Amino acid sequence: SNWNLLKKQIWKIIKELEWMKAFKRELKFESYAKPVERDDLVEKNLDYYKPIFESFDKGGDKKVFNLHAMILAPHWYIYRKMVLQGASIIGLQVILAMVASVMRQPLWIGIYILSFGLYVRAGFYGVHDYYKHVNKLKKQGDEVAVKFRHKFMTDKSGVDGYIAGCWVGGTIFLYAVGIFL
C-alpha cells in the first residue's frame, strides 16, 4: 500500500541522514593534527558547558546544579562517556536493592533509599566530574600520535546515546533479575 511505501521511504531517508551525520563527524576529525581542544571533546551542549568550564579554570565554585545529571545520574554519566562512574552507581544500587529485597529489614531498605543521595551529588557535582574527565581526555589526546588523533577524537569526544540507552535497558533487566528472582 501507499502507506507502507511512504514509511519505507521515510525510514530510508532517516538511515541515510544518520549515515551522513556519522560520516560528517568522521570527516571533522579526519585530519585532526592540531592539539586536542576541550571544545571538540565536549561537542554536545558546548554553549552550556563552555562558560562553566571557564569558571572552573578560574577557580570558581565546583557546585553547579544540573537537573539532568540529578534525575538520570548513572545514565547521564554513561551518556557523557564516563562509564565507570555510571556503572558504579548502577552496580551499588542493584546490590543494595537485592540485599534490601532479601533481608526485608528497614535498615537495608533505608540504606538503599539513601543511595539515591548519589543522584543529588551528581546533580551538584556531576558537571565538575565531567570537567575533570574532559581535561584528562585533553591531556591523553595531546599525547596520542598525530596520525591516530582522529581516531582518538572520534572515540572519546561527544556523547553516546546508544550505549546510554543500552545501559537503561540493562539496568531495568538487572533490577528485575535481582529483585524478582
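Structure shown above.
In this report, we go over the structure that sits alongside the text. (Residues numbered from 1 in each chain as written. Predicted model: local features only at pLDDT ≥ 70, side-chain atom pairs only at ≥ 80, totals over all residues. Heavy atoms only, no water.)

Quick notes on the overall build of the protein chain
Consideration 1: Across its full length, the protein chain carries 10 helices and 0 strands.
Consideration 2: By the compact-globule yardstick of 16 Å for 181 residues, the protein chain is too spread out, its C-alpha radius of gyration being 20 Å.
Consideration 3: Taken over the C-alpha atoms alone, the protein chain extends approximately 60 × 60 × 30 Å along its principal axes.
Consideration 4: Looking at the protein chain as a whole, 31% of its 181 residues are labelled buried.
Consideration 5: Accessible area for the protein chain stands at about 11,800 Å²; split by element, carbon and sulfur atoms hold 67% of it.
Consideration 6: Considering the protein chain, the positive charge centre built from 27 side chains and the negative charge centre built from 17 side chains are found 5 Å apart. (Helix = DSSP H or I, 4+ residues; strand = E, 2+ residues; numbered from the N terminus. Rg over C-alpha atoms; globule rule 2.2 N^0.38 Å. Buried < 20%, exposed > 50% of the residue type's maximum accessible area, 1.4 Å probe, protein only. Areas by Shrake-Rupley, 256 points an atom, 1.4 Å probe, with all protein chains shown as cover. Lys, Arg positive; Asp, Glu negative; His and termini not counted. Charge placed at Lys NZ, Arg CZ, Asp CG, Glu CD.)

Some thoughts on the nonpolar core
Consideration 1: Of all hydrophobic cores here, the largest spans 23 residues; its most connected members are Leu41, Tyr49, Phe53, Phe56, Trp76, Val127 and Tyr130.
Consideration 2: Elements that contribute at least two residues to this core include exactly α2 (38-42), α3 (46-57), α5 (73-79), α8 (117-143) and α9 (146-156).
Consideration 3: For this core, the element with the highest residue contribution is α8, accounting for 7 residues.
Consideration 4: Those residues within four positions of leucine 41 in sequence are excluded, and the remaining contacts are Val36, Tyr130, Val134, Leu137, Lys138, Phe152, Met153, Ser157 and Gly158.
Consideration 5: Formed by 9 residues, the second largest nonpolar core is a distinct cluster that contains Val94, Leu96, Ala97 and Ala100. (Core = buried A, V, L, I, M, F, W, Y, C linked by side-chain atoms within 4.5 Å. Contact = heavy atoms within 4.5 Å.)

Section: the pattern of salt bridges
Consideration 1: Summed over the entire model, instances satisfying the criterion amount to 6 salt bridges.
Consideration 2: A salt bridge links aspartate 57 to arginine 38, with the nearest nitrogen and oxygen atoms 2.6 Å apart. On the criterion of sequence distance, the pair formed by aspartate 57 in helix α3 and arginine 38 in helix α2 is long-range, its members being 19 residues apart.
Consideration 3: Residue classification places aspartate 57 among the partly exposed positions, given a relative accessible area of 44%.
Consideration 4: A salt bridge links lysine 50 to aspartate 39; its shortest N-O distance comes to 2.9 Å. With lysine 50 in helix α3 and aspartate 39 in helix α2, the pair connects residues that are 11 residues apart, well separated along the chain.
Consideration 5: The exposure class assigned to aspartate 39 is partly exposed, which follows from its relative accessible area of 27%.
Consideration 6: Counted as one network, the salt bridges with shared partners bring together Arg121, Asp129 and Lys132. (Salt bridge = Lys/Arg side-chain N within 4 Å of Asp/Glu carboxyl O.)

Here we look at the packing of aromatic side chains
Consideration 1: For the structure shown, the criterion picks out 12 aromatic pairs.
Consideration 2: Taken together, a centroid distance of 5.8 Å and an interplanar angle of 45° make the contact between tyrosine 49 and phenylalanine 53 tilted. With tyrosine 49 and phenylalanine 53 both in helix α3 and 4 residues apart, this pair spans about one turn of that helix.
Consideration 3: Relative accessible area serves as the criterion here: at 2%, phenylalanine 53 is assigned to the buried category.
Consideration 4: Considering the side-chain rings of phenylalanine 116 and tyrosine 119, the 5.1 Å spacing of their centres and the 40° angle between planes classify their relative orientation as tilted.
Consideration 5: Using a relative accessible area of 34% as the deciding quantity, one classes phenylalanine 116 as partly exposed.
Consideration 6: Here the aromatic residues Tyr48, Tyr49, Phe53, Phe56, Trp76, Tyr77, Tyr130 and Tyr131 are joined through ring pairs into a cluster of three or more. (Phe/Tyr/Trp six-rings, centres within 6.5 Å; stacked < 30°, edge-to-face > 60°.)

What about unusual backbone geometry?
Consideration 1: Of note, asparagine 45 is a non-glycine position whose phi angle comes to about 65°, a positive value.
Consideration 2: The class of asparagine 45 is partly exposed, set by a relative accessible area of 48%.
Consideration 3: The phi torsion at arginine 104 lies on the positive side, around 50°, for a residue other than glycine.

With respect to the environment of isoleucine 52
Consideration 1: Inspection of the secondary structure assignment puts isoleucine 52 in helix α3.
Consideration 2: Looking at isoleucine 52, the relative accessible area reads 13%, which means it is buried.
Consideration 3: The sequence separation of isoleucine 52 and tyrosine 131 amounts to 79 residues, and the corresponding C-alpha distance is 8.8 Å.
Consideration 4: What isoleucine 52 contacts, discounting residues up to four positions off in sequence, is Val64 and Val127.

These results come straight from atomic positions and should not be treated as a statement about function.
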